[in-house]
Amino acid sequence: MMRVPFVAGNWKMNTTVTEAEELVYDMLDRLDRVEGVEKVLCPPFVALVSINMMLRGSSIKLGAQNMHFETLGAYTGEISPLMLGELCEFVILGHSERRWYFGETDEMINKKVKVALSHGLKPIFCVGERLEENEAGKTREVIDRQVMAALDDVSPTHDLVIAYEPVWAIGTGRAASGEQAAVTIKFIRSILAKLWNRDIAQDLRILYGGSVTSNNIAEFISQPEIDGALVGGASLKAEDFLGIVTQTAEIKYPHLPSPFKGEE
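### Considerations on helix H7 (residues 139-150)
An ideal rise of 1.5 Å per residue puts 16 Å on twelve residues; H7 measures up with 17 Å between its terminal C-alpha atoms. Looking at H7, one finds that the buried residues are Thr139, Val142, Ile143, Gln146, Val147 and Ala150. One face of H7 carries all of its buried residues, which in axial projection span an arc of 120 degrees. Check the buried side of H7 and you find it contacts helix H4 (96-102), helix H5 (106-118), strand E5 (122-127), helix H6 (131-135), strand E6 (161-164) and helix H8 (178-195).

### Section: the packing of aromatic side chains
Evaluated as defined, the whole model comprises three aromatic pairs. With a centroid separation of 5.3 Å and 70 degrees between ring planes, the pair formed by Phe6 and Phe90 is classed as edge-to-face. Residue Phe6 is found in strand E1 (residues 6-10), and its partner Phe90 is found in strand E4 (residues 90-93); the two are separated by 84 residues along the sequence. Comparing Phe6 with Phe90 shows no difference in burial state: the two are buried. An aromatic cluster is built from Tyr164, Tyr208 and Phe220, whose rings are joined through pairwise contacts. One Lys or Arg, Lys111, reaches over the ring of Phe69 and ends 4.9 Å from the middle of that ring.

### What to know about H8
Taking 1.5 Å per residue as the helical rise, H8 with its 18 residues ought to reach 26 Å, and the 26 Å between its terminal C-alpha atoms agrees with that figure. Those residues of H8 that fall on the buried side of the exposure criterion are Gly178, Ala181, Ala182, Thr184, Ile185, Phe187, Ile188, Arg189, Ile191 and Leu192. Tucked into the core, H8 has its buried residues touching E5, H7, E6, helix H9 (198-203), strand E7 (205-209) and helix H10 (217-221).

### A closer look at the packing of H7 against H8
One can describe the packing of H7 onto H8 by two numbers: an axis separation of 10 Å at closest approach and a directional angle of 40 degrees. Taken together, the axis directions place H7 and H8 in an arrangement best described as oblique. Once H7 is placed against H8, the crossing between them reads as right-handed. Of H8, the residues touching H7 (which contributes Thr139, Arg140, Ile143, Asp144, Val147 and Met148) are Val183, Thr184, Phe187, Ile188, Ile191, Leu192, Lys194 and Leu195.

### Comments concerning the side chain of Asn216
With respect to the helices, strands and loops of the structure, Asn216 is situated in the loop between E7 and H10. For Asn216, the side chain forms a polar contact with the main-chain nitrogen of Thr213, separated by 2.8 Å. If sequence neighbours within four positions are ignored, Asn216 has contacts with Ala175 and Ser211.

### A few points about the nonpolar core
Leu41, Leu84, Leu192 and Tyr208 are the most contacted members of the largest nonpolar core, which has 68 residues in total. Per-element tally for this core: the top contributor is H8, with seven residues. Among residues more than four places away in sequence, those in contact with Tyr208 are Tyr164, Pro166, Ala169, Ala175, Ala176, Ala181, Ile185, Phe220, Ile226, Gly228, Ala229 and Leu230. Among the nonpolar cores identified, the runner-up in size contains twelve residues, and Cys42, Phe90, Ile92 and Ile124 belong to it.

Here is what the cut-offs are and how they apply
Residues numbered from 1 in each chain as written. Predicted model: local features only at pLDDT ≥ 70, side-chain atom pairs only at ≥ 80, totals over all residues. Heavy atoms only, no water. Helix = DSSP H or I, 4+ residues; strand = E, 2+ residues; numbered from the N terminus. Expected span 1.5 Å × (residues − 1). Buried < 20%, exposed > 50% of the residue type's maximum accessible area, 1.4 Å probe, protein only. Arc of directions from axis to C-beta. Contact = heavy atoms within 4.5 Å. Phe/Tyr/Trp six-rings, centres within 6.5 Å; stacked < 30°, edge-to-face > 60°. Lys NZ or Arg CZ within 6 Å of the ring centre and 35° of its normal. Axes fitted to C-alpha atoms, helices over the stretch in contact; angles between N-to-C directions. Parallel < 35°, antiparallel > 145°, perpendicular 65-115°, else oblique. Left-handed = near helix turned anticlockwise from the far one by under 90°. Polar contact = N/O pair within 3.5 Å; in protein donor to acceptor, adjacent residues only side chain to side chain. Core = buried A, V, L, I, M, F, W, Y, C linked by side-chain atoms within 4.5 Å.

Take a look at the structure:
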């Protein structure tokens, strides 16, 4: 069975609530009409309530950008899975910016993955190597450590999406090639087969992230191993994000008619 393509937009620390609402308004109708792709928007925490209301009744889903591993307590400024559970379905965990800027460790990410799953949230779990690790030939070593540590003592589940995001490609305009990304994603599947089993390794969706645009998405999504994209900067532009989602649908499902055929 074909894995359903998945495209998520990570808005990071961008957009006021008003700007977030305007961005969704600009693409809501057209994005909703694209079939065959699971579409997820991940705005800042402050916009989750209003965007949740805007997306009701549509095929577009909502995700958060981070989450604490405790359900409640004296953790000033943090967001718990209980808070997110009423608003969204997905949560990004292990993003390189959380690892490098805020000191999140593999062990912390493991706790987050476990608590997210236990509260019905679906992690978009990120892995990726830094430039110096890539140049030193340590990509596989880093990826293996990150995956094995974050999924330690986690039962096999389909409620998980993995995003391979080489740190050297995030926000730099220097994307990996489609072939490079596919080779690493195939390696991630081999880790999952070893950790869990071959069937679930083939079933889980693994995305590419890192300077993805509407101009280069075809290079990635044409690779059978790559199931979609975690999009950063391009997700802040309605036309660019719509282009990424539309191309994903057209490439993965060439037999489906374009929902915008005949439109200028």
